[in-house]
Amino acid sequence: MGRRKISRRQFLEGTGTVLTVAAAAPVLRAQPTAASPGPRTSITLTVNGTARKLDVDDRWTLVEALRDHLGLTGTKIGCDRGECGACTVLLDGKPVYSCSQLAVWADGKSVQTVEGLIRNGQLAPLQQSFVEHDAPQCGSAPRVS
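Note that the coordinates shown come from a computational prediction; the quantities given were computed from them, not determined experimentally.

Chemist: Looking at this structure, I do not really get the sheet that holds strand β2 (residues 50–57). What am I missing?
Modeler: Sheet strands pair via backbone hydrogen bonds, and the direction of the pair is either parallel or antiparallel. What the five strands build is an open sheet, ordered β2-β1-β5-β3-β4; its pairing is mixed. Two strands close off the open sheet at either side, each with one partner strand: β2 and β4 (94–97). Taken pair by pair, the neighbouring strands of this sheet meet at an average axis angle of 40°, ignoring direction. Relative to strand β5 (residues 110–112), strand β1 (residues 40–47) runs parallel, the two being bridged by two bridges. Its bridge partner being in β5, Val47 is matched across the sheet by Val111. On top of the sheet, helix α2 (residues 62–70) reaches β1, β2, β3 (88–91) and β5; it is set at about 105° to β2, its chief contact.

In structure tokens form, the structure reads like this:
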């Protein structure tokens, strides 16, 4: 029986594929799936004056916890990089970009969102100013009429 000739190119292509699969297989197996969430932690926050207990994924940002799990959509996700300020909340009275803070870091702290500025059904001066000047929350210049 004759020997099959394999060119150098065929050999390199074949071994390159095998090596790539062998190197990538452990990494691909380790990837988390939607069915298997990451580690979770129970945290307690005081949000707009109300104590809230929340079971969070350790990788959730504070803005995700507020918007997606507490329904406080006044805190916006703008750039998602801590640059535009749309996600700013007061954490223990200090302004922070909530897209750059993990929710677990806020455990035991007080969070005030834009919804927490309303008193007796009246908008706070800051909120009223946004309405009067058509100001977007992303930090862009207001629209000029």
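This is not the end of the story, as more comes after the structure.
Chemist: In this structure, what is going on with the pattern of salt bridges? I would like to understand it.
Modeler: Should their charged atoms come close, side chains of opposite charge can pair. For the structure on display, the rule yields four salt bridges. Between Arg40 and Asp57 there is a salt bridge, with the nearest N and O atoms lying 3.3 Å from each other. Taken together, the positions of Arg40 in strand β1 and Asp57 in strand β2 put the pair 17 residues apart, joining distant regions of the chain. Overall, the relative accessible area of 40% leaves Arg40 in the partly exposed class.

Chemist: So what exactly am I meant to see when it comes to the side chain of Asp57 here?
Modeler: Asp57 sits in the buried class, given a relative accessible area of 3%. A polar contact is formed between the side chain of Asp57 and the side chain of Arg40, at a distance of 3.3 Å.

Chemist: For this particular structure, what's the right way to read a nonpolar patch on the surface?
Modeler: A contiguous nonpolar patch, built from Ile118, Leu123 and Val131 and spanning about 240 Å² of accessible area, is present on the exposed surface. In this fold, Leu123 is placed in the loop between β5 and α3 (125–132).

Chemist: Sorry, what's going on with the environment of Ile118 here?
Modeler: Tracing the backbone shows Ile118 in the loop between β5 and α3. For Ile118, a relative accessible area of 37% corresponds to the partly exposed category. Along the sequence, Ile118 and Asn48 sit 70 residues apart, while their C-alpha atoms lie 9.8 Å from each other. Every residue in contact with Ile118, bar those within four places of it in the chain, is listed here: Leu123 and Gln127.

Chemist: Before we go on, may I ask you to explain the pairing of β4 in this structure?
Modeler: Remark: a regular strand shows side chains that alternate across the two faces of the sheet. Sheet topology places β3 next to β4; four bridges connect them, and they run antiparallel. In the strand pairing of β4, Leu91 is matched with Lys94. In textbook terms, the turn of a hairpin is the stretch between consecutive antiparallel strands, and for β3 and β4 this stretch comprises two residues, one of which, Asp92, has a positive phi near 50°.

Chemist: What am I meant to see in the confidence of the model for the protein chain here?
Modeler: Any region with low pLDDT has predicted coordinates that should not be read closely. Put simply, the protein chain has an average pLDDT of 81, and 72% of its residues get 70 or more. Averaged over each element, pLDDT in the protein chain is lowest for helix α1 (residues 8–30) (63) and highest for β5 (97). In the model, residues 139–145 has pLDDT below 50 throughout and makes eight contacts with residues more than four positions away in sequence or in other chains.

Chemist: Quick question: what am I supposed to make of the pairing of β3 here?
Modeler: By the alternation rule, side chains of β3 split into Val89 and Leu91, which are all buried, and Thr88 and Leu90, of which none is buried. In this sheet, β5 lies alongside β3 in antiparallel orientation, the contact comprising two bridges. Bridged to Leu91 within β5 is Val111.

Conventions used here
Residues numbered from 1 in each chain as written. Predicted model: local features only at pLDDT ≥ 70, side-chain atom pairs only at ≥ 80, totals over all residues. Heavy atoms only, no water. Pairing = 2+ DSSP bridges. Helix = DSSP H or I, 4+ residues; strand = E, 2+ residues; numbered from the N terminus. Axes fitted to C-alpha atoms, helices over the stretch in contact; angles between N-to-C directions. Contact = heavy atoms within 4.5 Å. Salt bridge = Lys/Arg side-chain N within 4 Å of Asp/Glu carboxyl O. Buried < 20%, exposed > 50% of the residue type's maximum accessible area, 1.4 Å probe, protein only. Polar contact = N/O pair within 3.5 Å; in protein donor to acceptor, adjacent residues only side chain to side chain. Patch = residues over 30% accessible without salt bridge, like charges linked within 9 Å, V, L, I, M, F, W, Y side chains within 5 Å. Areas by Shrake-Rupley, 256 points an atom, 1.4 Å probe, with all protein chains shown as cover. pLDDT = per-residue confidence, 0-100.

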